[in-house]
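Working through the structure, step by step
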Amino acid sequence: MAHCAIHPSILSADFVNLERELGRIRGADAVHVDVMDNHFVPNLTLGLPVVKRIAESTQLPIDAHLMIEDADHWAPRYAELGLASVTFHAEAARAPIKLARDLRSNGAKAGMALRPATSVLPYLDMLPELDLLLIMTVEPGFGGQSFLDLTLPKIRTAARAAADADLDLAIQVDGGISLETIERAAEAGATVFVAGSAVYGAESPEDAVAALRRTAGSAAGGTPRTSSE
């Protein structure tokens, strides 16, 4: 069974009791923290001080997803907090290669995210600069949306390109991930799965994490098919 990582999104957690909510996902591979500025996306969540306290309140790695403008300026500041990975949006970066290198130089894994309608093809040559490629499977901004199957060809293309170049690149998906949709994403080549309501909406978030990991691992045995997106 292939290893698949589950990163619960605290966007679906109880923000008033975040420390307790973090304790409910101890079996997760990392905590996915969504940072939104109400400019790049129409929602407002957390900033640097809160993310810093979240990182201090859990032993789990922090996987920060920055849905913000001026990523070139702000993303390195999140990396300086000692986070495990920091992901910026390609659509919000003026110099994505330089930014990825800045994140790595600050000790964080470098991630880049693409909106559902953004093609991965212009970015294939820069995949060696990344540790993680996040393919949004919903429009970024709000939790609880339905998985967009139109993103599956993009996942396949990215996974094939990473395999052909022998890259140690995580292919992350975020949006509408459930026990049903995680199979399709894993079969397409995704290896890291962000799940919000599927985890925090369950009676036992720990059990939900384990079930998602098993389902993805079982589905990930095949080789991603060649496609273009």
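Conventions adopted
Residues numbered from 1 in each chain as written. Predicted model: local features only at pLDDT ≥ 70, side-chain atom pairs only at ≥ 80, totals over all residues. Heavy atoms only, no water. Helix = DSSP H or I, 4+ residues; strand = E, 2+ residues; numbered from the N terminus. Rg over C-alpha atoms; globule rule 2.2 N^0.38 Å. Areas by Shrake-Rupley, 256 points an atom, 1.4 Å probe, with all protein chains shown as cover. Pairing = 2+ DSSP bridges. Axes fitted to C-alpha atoms, helices over the stretch in contact; angles between N-to-C directions. pLDDT = per-residue confidence, 0-100. Contact = heavy atoms within 4.5 Å. Core = buried A, V, L, I, M, F, W, Y, C linked by side-chain atoms within 4.5 Å. Buried < 20%, exposed > 50% of the residue type's maximum accessible area, 1.4 Å probe, protein only. Expected span 1.5 Å × (residues − 1). Salt bridge = Lys/Arg side-chain N within 4 Å of Asp/Glu carboxyl O. Polar contact = N/O pair within 3.5 Å; in protein donor to acceptor, adjacent residues only side chain to side chain. Nonpolar A, V, L, I, M, F, W, Y, C, P; charged D, E, K, R; others polar.

What follows deals with the overall build of the protein chain. A tally of helices and strands in the protein chain yields 8 helices and 8 strands. Relative to the compact-globule value of 17 Å for 229 residues, the protein chain shows a C-alpha radius of gyration of 16 Å, a close match. With the principal axes as the frame, the protein chain shows a C-alpha extent of 45 × 40 × 30 Å. In the structure as shown, the protein chain presents an accessible area of about 9,800 Å², 49% of it carried by carbon and sulfur atoms.

A few words on the sheet that holds strand β6 (residues 132–136). Within the open sheet, the 8 strands sit side by side as β1-β8-β7-β6-β5-β4-β3-β2. Their pairing is parallel. What marks the edges here is a single partner per strand, and that holds for β1 (5–8) and β2 (31–36). If you compare each strand with its neighbour and ignore which way they point, the axes differ by 25° on average. In terms of strand pairing, β1 meets strand β8 (residues 192–195) through 4 bridges, oriented parallel.

To continue, consider the confidence of the model for the protein chain. Looking at the protein chain as a whole, the pLDDT averages 93, with 96% of positions reaching at least 70. Low pLDDT (under 50) marks residues 222–229, which in the prediction has 21 contacts with non-local residues, meaning those over four places away or in another chain.

Time to look at the nonpolar core. Within soluble globular proteins, side chains that are nonpolar tend to cluster in buried spots. Among the nonpolar cores identified, the biggest contains 71 residues, and I10, V33, V86, M112, L133 and F193 are the most heavily contacted of them. Setting aside residues no more than four positions away along its own chain, I10 makes contact with F15, L18, L22, V31, H32, V33, L46, I54 and Y200. Within the second largest apolar cluster, 8 residues are counted, among which are A113, L132, L134 and V192.

To continue, consider helix α5 (residues 152–164). The end-to-end C-alpha separation of α5 is 18 Å, in line with the 18 Å expected for 13 residues at 1.5 Å each. For α5, the secondary structure elements touched by its buried residues are β5 (109–114), β6, β7 (170–174) and α6 (181–188). Trailing α5 by a residue or two, D166 shows a phi angle of about 55°, which is positive.

Bringing the pattern of salt bridges into the picture now. Two side chains carrying opposite charge are able to pair once their charged atoms lie near each other. Per the stated rule, a full pass over the model turns up 14 salt bridges. Note that D14 and R20 form a salt bridge whose closest N and O atoms lie 3.5 Å from each other. Of the residues examined, D14 reaches a relative accessible area of 29% and is grouped as partly exposed. Residue D70 is joined to R94 by a salt bridge in which the shortest nitrogen-to-oxygen separation is 3.3 Å. Here D70 is found in the loop between β3 (62–67) and α3 (71–79), whereas its partner R94 is found in the loop between β4 (85–89) and α4 (96–105), with 24 residues between them in sequence.

Here we come to the side chain of H89. Its place among the elements puts H89 in strand β4. Only 2.9 Å separates the side chain of H89 from the side chain of E91, close enough to count as a polar contact. Aside from chain neighbours lying at most four places away, what touches H89 is F40, H65, L66, M67, A113, L114, R115, M136 and P140.

A few words on the pairing of β8. The alternating pattern of β8 places V192 and V194 on one face and F193 and A195 on the opposite face, and all of these are buried. Relative to β8, β7 runs parallel, the two being bridged by 3 bridges. Directly across from D174, in β8, lies its bridge partner V194.

With that out of the way, let us pick up the packing of α5 against α6. In contact at an axis separation of 8 Å, α5 and α6 are set at 35° when each is read in the N-to-C sense. In this structure, α5 uses L152, I155, R156 and A159 to contact α6, whose residues at the interface are R184, A185 and A188. Of the residues that constitute the contact of α5 with α6, the class distribution is 5 nonpolar, no polar and 2 charged.

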